[in-house]
Amino acid sequence: MIRVAFVSVLLALVLSNSLETRVEQLNEISYRSPVVKLDDDKYKSFIRTMPRNYSIVVMFTALSPSRNCKICKEVHAEYTTLARSHRYSRNFNSDLFFTMVDYDGGASIFQRLKLTSAPVILHFPASGKRKKEDKFDLERRGINAEAVAKWVKDRTDIGIEVIRPPNYTNAILLGVFLFAVSGTLLIKGNSLDFLYKWKYWAITSMFIMFAMTSGQMWLHIRGAPFAHVDRNSGRTSFIHGGSNAMFVAESYIIAVVNGVIALGFILMADAPKDQSSLNSKYMSYGGLALVVVFFSMLLAIFRMKHRAYPYSLLF
């Protein structure tokens, strides 16, 4: 009986020392690189070895240029921003670590978890089995660091304030804009009649409306990819097949289609009133053709995203 108790205490001490060693190793590696790269041995040591008193978030990706995974690079950049924000914050503790497994260095791990695509972000809780919610939904939530941070907060109760490096692009664009406005006012200081021409303001308003109605703001918030390249076929998809997500290229297509439809209505509305004029007929019929063709295209795109939608026009 005494021998059993002694063995139990000794085993507990060994496991405790092993856990402390693993946490210490993770702290050291993550301090040098906030995203800890895992191979098969490190995966077994830091994730599969129990007990664990820390949660681990793992990004499974394929960053090799030969894999041609553009979204992997975009997700990796946002994931690194989140990991860096967590590791170098004053509130950092050893309850959570961010890691990654690259397919070229951990194909066996992909096979073990039955992962057939990348990127995938999983959460391995400190105790208990993984649940369905421990897989981050990239399509629904988006790929930006803030969305991943919110999901991490839901799974671990650890809040992370995302800190991004300074972005001077907006400041430069603002400077260029102010310079252009100042130059215009300087050159045309004695003639500002163009500011009172409604056509300039109408065109500007239409560009803003086309950008907003095409989903540009949603894409900016979610950080969606430009398009999707199928790894198996190499086919590029510019329109997302789901109703809860879209690509940047898709928003450009929608904006152009809406713009052409608007142009068609303008041509019909501004056609000369003289019915015998050839210009009147060309503008009216041309505008009508643009509206019918491109509105049919808009309906076709809508049906691609909503399979049950029954209506169509030309195609």
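Treat the numbers as computed from the prediction; the structure is a model and nothing was measured.

Asks: Honestly, the overall build of the protein in this entry has me stumped. Any pointers?
Replies: Regarding its fold elements, the protein presents eleven helices and six strands. Relative to its 315 residues, the protein shows a buried fraction of 35%. The contacts of the protein with a sequence gap of at least 6 include a subset with a gap of at least 24, amounting to 62%. A total accessible area of about 20,300 Å² is found for the protein, and carbon and sulfur atoms account for 61% of it.

Asks: Explanation requested: the sheet that holds strand E1 (residues 35–37) in the structure shown.
Replies: Note: strands within a sheet are paired through backbone hydrogen bonds, in either parallel or antiparallel orientation. A sheet is described by the order of its strands in space; here four strands give the open sequence E1-E3-E2-E4, paired in mixed fashion. Edge strands, defined here as strands with exactly one partner in the open sheet, are E1 and strand E4 (120–124). Between one strand and the next, the sheet's axes are offset by a mean angle of 30 degrees, whatever the strand orientation. Of the strand pairs in this sheet, E1 and strand E3 (residues 96–102) are connected by three bridges, and their pairing is parallel. In the strand pairing of E3, Val-36 is matched with Thr-99. Each of E1, strand E2 (55–61) and E4 touches helix H2 (residues 40–48); the most contacted strand, E2, lies at about 150 degrees to it. Of the strands in this sheet, E1, E2, E3 and E4 are in contact with helix H3 (residues 70–87), which crosses E3 at around 155 degrees.

Asks: Help me out: how do you make sense of the packing of helix H8 (residues 198–213) against helix H10 (residues 248–270) in this one?
Replies: The packing of two helices is summarised by the inter-axis angle and the distance between the axes. It is the contact of H8 with H10, at a shortest axis distance of 9 Å, that shows an interaxial angle of 140 degrees. Classified by the interaxial angle, the pair formed by H8 and H10 is oblique. In this structure, H8 crosses over H10, and the sense of that crossing is right-handed. Across the interface between the two elements, Met-206, Phe-210 and Thr-213 from H8 touch Ala-255, Asn-258, Gly-259, Ala-262 and Ile-266 from H10. The residue inventory of the contact of H8 with H10, partitioned by class, reads five nonpolar, three polar and no charged.

About the thresholds
Numbers given to residues run from 1 along each chain, matching the order in which its sequence is written. Where totals are concerned, whole chains, interfaces and linings use all residues; where local detail is concerned, this predicted model gives features only for residues with pLDDT of at least 70, and gives and counts side-chain atom pairs only at 80 or more. Heavy atoms throughout the structure, all of them, feed into the side-chain values; hydrogens and water do not. A helix here means a DSSP run of H or I that spans at least four residues, while a strand means a run of E at least two residues long, and both kinds are numbered starting from the N terminus. Under the scheme applied here, a residue whose accessible area is under 20% of the maximum for its type counts as buried, over 50% as exposed, and between as partly exposed, the area being computed with a 1.4 Å probe on protein chains only. Note on definitions: a residue-residue contact is assigned when non-hydrogen atoms from the two residues lie within 4.5 Å. Note that accessible areas follow from Shrake-Rupley with a 1.4 Å probe, and for residues the cover is restricted to the protein chains shown. Between any two strands, at least two bridges found by DSSP are needed for them to pair. In this analysis an axis means a line fitted to C-alpha atoms, helices contributing only their contacting stretch, and an angle means the value between N-to-C directions, from 0 to 180 degrees. Geometric relationships in this document are graded by angle, where less than 35 degrees denotes roughly parallel, more than 145 denotes roughly antiparallel, 65 to 115 denotes roughly perpendicular, and other angles denote oblique. In this scheme the crossing of two helices becomes right-handed for a clockwise turn of the near helix relative to the far one and left-handed for an anticlockwise turn of less than a right angle. As a working rule, the residues Ala, Val, Leu, Ile, Met, Phe, Trp, Tyr, Cys and Pro are called nonpolar, Asp, Glu, Lys and Arg charged, and the rest polar, with Gly in that last group.

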